[in-house]
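A closer look at the structure
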Amino acid sequence: MYAAVRRYEGVTDPAEAGRRVAEGFVPLLRQVPGFVAYYWVDAGDGVMVSTSVFEDQAGAEESIQTATEFVRDNLASLLPNPPQVTAGQVVAAG
């Protein structure tokens, strides 16, 4: 498995961002080959973190591109800062 984590800071409206992600982004992500799981977390203080898990690196990389496009087209006003993106192979899971 392979995972991609994106950390967004300066989120202006976490509730609205969550709604848009749930209604618009999650359905797109589920169509990416190898999709396993997705989580969108409100960490408080204007920080939100997403975690995408895929069967392989190709799916995770496609999810990063899909997220970039979705944020640009649908969330730019709510997520004004570019995310910190970390991706890699899952070496332990529970």
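Now for a quick tour of the structure. Keep in mind that this is a model prediction, so the values were computed, not measured.

1. A word on the side chain of Arg6
With respect to the helices and strands, Arg6 occurs in strand β1 (residues 2–9). One buried charged side chain, Arg6, makes no salt bridge at all; its nearest oppositely charged neighbour is Glu61, positioned 12 Å away. Excluding residues that lie within four positions of it along the chain, Arg6 makes contacts with Phe25, Tyr38, Met48, Val49, Ser50, Ser52, Ser63, Ile64, Ala67, Pro83, Gln84 and Val85.

2. Things to note about helix α1 (residues 14–30)
In the structure, α1 departs most strongly from a straight axis at Val21, where the bend amounts to approximately 40 degrees. Of all the positions in α1, only Glu16, Ala17, Val21, Phe25, Val26 and Leu29 are classed as buried. Packing partners of the buried residues in α1 comprise β1, β2 (35–44), β3 (47–54) and α2 (57–75).

3. Notes on the nonpolar core
If you look at the biggest cluster of nonpolar residues, it comprises 19 residues, and the most contacted ones within it are Phe25 and Leu75. When contributions to this core are tallied by element, the ones reaching two or more residues are β1, α1, β3 and α2. Residues within four places of Leu75 in sequence aside, it is in contact with Ala17, Arg20, Val21 and Phe70.

4. Quick word on the sheet that holds β2
Hydrogen bonds between backbone groups are what pair the strands of a sheet, and the pairing can be parallel or antiparallel. Ordered by their spatial adjacency, 4 strands build an open sheet running β2-β3-β1-β4, and the pairing between neighbours is antiparallel. Among the strands making up the open sheet, the edge pair consists of β2 and β4 (84–89). In this sheet, neighbouring strand axes are inclined to one another by 10 degrees on average, regardless of whether the strands run parallel or antiparallel. By the bridge criterion, 8 bridges tie β2 to β3 in an arrangement that is antiparallel.

Rules and cut-offs
- Residues numbered from 1 in each chain as written.
- Predicted model: local features only at pLDDT ≥ 70, side-chain atom pairs only at ≥ 80, totals over all residues.
- Heavy atoms only, no water.
- Helix = DSSP H or I, 4+ residues; strand = E, 2+ residues; numbered from the N terminus.
- Buried < 20%, exposed > 50% of the residue type's maximum accessible area, 1.4 Å probe, protein only.
- Lys, Arg positive; Asp, Glu negative; His and termini not counted.
- Salt bridge = Lys/Arg side-chain N within 4 Å of Asp/Glu carboxyl O.
- Contact = heavy atoms within 4.5 Å.
- Bend = angle between axes of the 7 residues up to and from the residue.
- Core = buried A, V, L, I, M, F, W, Y, C linked by side-chain atoms within 4.5 Å.
- Pairing = 2+ DSSP bridges.
- Axes fitted to C-alpha atoms, helices over the stretch in contact; angles between N-to-C directions.

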